[in-house]
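In case you want the letters, here they are:
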Amino acid sequence: MNLRARKFLRQSAITLLCLLALALLLDRLFPLPLPDPSGGSTIVLARDGRPLRAFPDSDGVWRYPARVEDVSPLYVEALLTYEDRWFYRHPGVNPLALARAFGQWIVHRRLVSGGSTLTMQVARILDGTPHSALGKVRQMLRAVQLEAHLSKQEILTLYLDRAPFGGTIEGVEAAAWAYLGKPASRLSHAEAALLAVLPQMPSRLRPDRNADAARVARDKVLSRMAALGVWSPAQVHDAMIESVAARALQPPLSAALLAERLHAEQPAQRRITTTIDAELQRSLEARVTDYLARLPERTSAALLVVDNATLEARAYVGSAEFGDEQRLGHVDMVRAWRSPGSTLKPFLYGLALDDGLIDSESLLVDAPQSFGDGYRPGNFDMAYNGPVGAAEALRLSLNVPAVDLIDRIGPTRFAARLANAGLDLRLPRGATPNLSVILGGAGVRMEDLVGAYTALNRGGIAGRVRYAGGDATIDRRILSEGAAWIVRDILEANPRPGYAPGTFDPGTRPRVASKTGTSYGFRDAWAVGATRQYTVAVWIGRPDGTPLPGQYGAVTALPLMFQVVDSLPRNALAAAPEPPPASARQLDVCWPLGLAFDPAHAELCHQKHTAWTLDGVVPPTLPERDTNTWSAGLVHLRVDARSGERLSAGCTREHEREVDIARWPALAYPWLPRELRRRATLPPLAHGCADDGLDAIQPIRIEGVAEGSAIARAPNSGTPATLHLRAFGSGGDVLWLIDGRLAGTTRGSATFEHAFAETGVRTITALATSGAWAQLQVRVLR
């Protein structure tokens, strides 16, 4: 090699090194303006990828994240064939394309075809270069810089994500949903061609404004695809037949409050995939809106549908209508703390089953009575049913038996059991759980309540509702498998609204374990339904807590809940009864003792009921509370075989026999028919026998006023404060004493009326002729 050649090579190397150093310096001085991956807009998707709600970026741009593998191959083919056939071969700039474009401009004095590569278009999108000669040079330099830093796949992804499609729409995914109503992964040949050409002139080719111009441009792309042999003539012919739909742009807005919630929890996530079924969500939103049209103004509603198998939410309606100021549509009632009314009762009865306190037909008494601190619950309709089975008490949602059970179990333990299963109760600050918890005296959240109700179809295991695929599965046992099955079986016997039992065959309709609830003052109306596949909860009320008189769970929320259940997908097993677990067994039990039926002692069985028991355990009837004389349910006696009179100890007759008498709880007697009262009555004591004290074992209870009550005469009235009292538990005479002085006598449960003319603390005593008694104090104010 001669000296001149070596000198040329050395100068060339130096020049190349200088150019390389200059390029590196410029690259450091002018770094690529790559978008922040954590910024931009966010799209919340249904489980099938359909958008539920999009959140624009700080500039108000709608841009859904897009990846090459998520976009239809037809679109990628159309884009690269029409815009940049040499995309995978050039270094960012295609000199041949630039030369061709320049030559055409010289000949025709106008731009015939562009020379920009796809990489150059990405550079213009990111850098905002002006349409000028200097801008074109800058664009080319940026394109080379992009190729040096990014792979071809990454450059293509930037285009798919940020190409302009008119207005505030950027990216092929957002454009596909905005103009075509479908994801970019499901484009036809015609749709792929349309979206491939739109970014050339996005304002002039928008199909919602200029459908004809958009069609001409689309057909030009289709012709190019056929001419180059990428698509067959038949495919192109079919594609040209398709019309260009003029779809009005409207951002998706479904499951809006759930989307808002998930976006707030994951602000940096650009794509959030939920568990929501898009079609079901939209249909239920429309159903709720239509249903509320018949209810008073300012009424809102919430609805949650959960798949029992996966705990995934399939529909989430947080308010009646998102954005409705009158209905406070921005308040998410799925997460709001509200009084549950009676919806916690199934868990109380299930816990009582697990504790061995009751079986499904245990004798409970629905009668007026006072509990600790003078708490006197009443039923919703202010009527009482007397002796009632546990299953019927739960189905009828009777308050007194429920308070009786929670008093025996303990409200603190009950609340702790719920909290352990994920169903937290909100109480006033500093307060502890009390008896009113079972009647709605605490706050719950719908999503927690639904998670607990799934246990009825998950073997007693409750769980946390899942809203996104990545949510952890959290399971906690709340009831045993047998108790959950028995409670569900009880609730499934509730008739559908408008259909009396035995008068309508639902056919293939799913079996629904339903429970309603109404909070104090008609502020909350609830209905929860559990089928084999789904658990559904409905809440209706006003978010600000103002009452809705006359609107309660059974008439307001329950019909909507059944409409939702009937609209859900179902399998062939939905209407079939599920066999009981091994721990649940049916046995015949007897009232009033509550024990298993024994044919050898049929006289002790006043009423026989078929009950579901756990592990064959039959608990006896619960003992009476707050009685001054303990009363055994079963009384063993010696009687004179001739007269039938009972004999006390030391008293004998020539002919004697032994008998057993089953006694009913004292509060049940006013509701018993005459025959049952007769069978439970002790025979009189035989003449000449010493008192055995058995006549005093019939406890009585004063009803009509609570212990410690304050009473007063009406304002501006001269009539003294008057009480109307009754004594339950005695069929004979009852003596009424006020402050130790006889004030009157009644027979059985007849009413005793007394006017209190003097103020102060007064003591009222009811004394049966048998010796049983009850006493309480009241305070007379005026």
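Residues numbered from 1 in each chain as written. Predicted model: local features only at pLDDT ≥ 70, side-chain atom pairs only at ≥ 80, totals over all residues. Heavy atoms only, no water.

Pairing is antiparallel in the open sheet, where three strands are placed in the order β20-β19-β21. Where the open sheet ends on each side, the last strands, each with one partner, are β20 (646–647) and β21 (656–662). Here seven bridges tie strand β19 (residues 634–640) to β21, and the two strands are oriented antiparallel to one another. Pairing of leucine 634 across the sheet is with alanine 662, part of β21. (Pairing = 2+ DSSP bridges. Helix = DSSP H or I, 4+ residues; strand = E, 2+ residues; numbered from the N terminus.)

This paragraph deals with the state of the cysteines. One pass over the full model with this rule turns up two disulfides. Note on cysteine connectivity: cysteine 590 is disulfide-linked to cysteine 605, with sulfurs 2.1 Å apart. Classification of the bridge connecting cysteine 590 and cysteine 605 rests on its S-S torsion, roughly -90°, and on that basis the disulfide is left-handed. Of the two residues, cysteine 590 sits in strand β17 (residues 584–591) while cysteine 605 sits in the loop between β17 and β18 (607–614), which places them 15 residues apart along the sequence. Considered together, cysteine 590 and cysteine 605 belong to a single accessibility category, that of buried residues. (Disulfide = S-S within 2.5 Å. Buried < 20%, exposed > 50% of the residue type's maximum accessible area, 1.4 Å probe, protein only.)

Attention now moves to empty space enclosed by the protein. Going through the model one piece at a time under the given rule, you end up with three cavities of 30 Å³ or more. In this structure, the largest cavity is lined by 14 residues; those nearest its centre are Val365, Asp404, Arg408, Glu624 and Pro665. When contributions to the lining of the largest cavity are tallied by element, the ones reaching two or more residues are β9 (363–366) and α15 (399–409). For the lining of the largest cavity, the element with the highest residue contribution is β9, accounting for three residues. Taken together, the residues of the lining of the largest cavity break down into seven nonpolar, two polar and five charged. (1 Å grid on protein atoms, 1.4 Å probe; cavity = no way out; pocket = protein on both sides within 12 Å on 5 of 7 lines; lining within 4 Å. Points joined across faces, edges and corners; volume = space filled by probe spheres on them. Nonpolar A, V, L, I, M, F, W, Y, C, P; charged D, E, K, R; others polar.)

When its volume is computed, the second largest pocket comes out at roughly 1000 Å³. Lining the second largest pocket we find 36 residues, and of these Ser342, Phe380, Ser397, Asn399 and Thr518 sit closest to its centre. For the lining of the second largest pocket, the secondary-structure elements that each account for two or more residues are β14 (513–518) and α19 (553–567). If you tally residues by element for the lining of the second largest pocket, the top one is β14, at five residues.

As a further point, take the packing of aromatic side chains. Overall, the coordinates contain seven aromatic pairs when judged by the stated rule. Residues tyrosine 316 and tyrosine 467 carry aromatic rings whose centres are separated by 5.4 Å and whose planes lie at 80° to one another, so their mutual orientation is edge-to-face. Placement of tyrosine 316 in strand β7 (residues 313–317) and of tyrosine 467 in the loop between β12 (461–463) and β13 (475–477) is noted, with a sequence separation of 151 residues between them. Tyrosine 467 shares its class with tyrosine 316; the two are buried. Aromatic pair phenylalanine 347 and tyrosine 453: ring centres 5.1 Å apart, planes at 75°, arrangement edge-to-face. One end of the pair, phenylalanine 347, is in helix α13 (residues 345–354); the other, tyrosine 453, is in helix α17 (residues 446–453), with 106 residues separating them in the sequence. With respect to burial, phenylalanine 347 and tyrosine 453 carry one shared label: buried. A cation over an aromatic ring shows up here: lysine 608 above the ring of phenylalanine 597, its NZ or CZ 4.4 Å from the ring centre. (Phe/Tyr/Trp six-rings, centres within 6.5 Å; stacked < 30°, edge-to-face > 60°. Lys NZ or Arg CZ within 6 Å of the ring centre and 35° of its normal.)

Relative orientation and spacing of two packed helices are given, respectively, by the angle between their axes and the distance between those axes. As a packed pair, helix α2 (residues 73–83) and helix α8 (residues 189–197) sit with axes 8 Å apart at the nearest point and diverge in direction by 45°. Between α2 and α8, the interaxial angle falls into the category oblique. Relative to α8, α2 is oriented so that their crossing is right-handed. Contact residues: α2 offers Leu74, Tyr75, Ala78, Leu79, Tyr82 and Glu83, while α8 offers His189, Ala192, Ala193, Leu195, Ala196 and Val197. By residue class, the composition of the contact of α2 with α8 is 10 nonpolar, one polar and one charged. (Axes fitted to C-alpha atoms, helices over the stretch in contact; angles between N-to-C directions. Parallel < 35°, antiparallel > 145°, perpendicular 65-115°, else oblique. Left-handed = near helix turned anticlockwise from the far one by under 90°. Contact = heavy atoms within 4.5 Å.)

Turning next to the confidence of the model for the chain. Averaged over every residue, the pLDDT of the chain is 86; residues scoring 70 or more account for 90%. Mean pLDDT across the elements of the chain ranges from a minimum in helix α3 (residues 95–108), with 57, to a maximum in α17, with 98. (pLDDT = per-residue confidence, 0-100.)

Let's shift gears to the environment of leucine 694. Here leucine 694 shows up in the loop between α20 (674–680) and β22 (701–703). Along the sequence, leucine 694 and proline 684 sit 10 residues apart, while their C-alpha atoms lie 9.8 Å from each other. Those residues within four positions of leucine 694 in sequence are excluded, and the remaining contacts are Val635, Leu637, Arg646 and Leu682.

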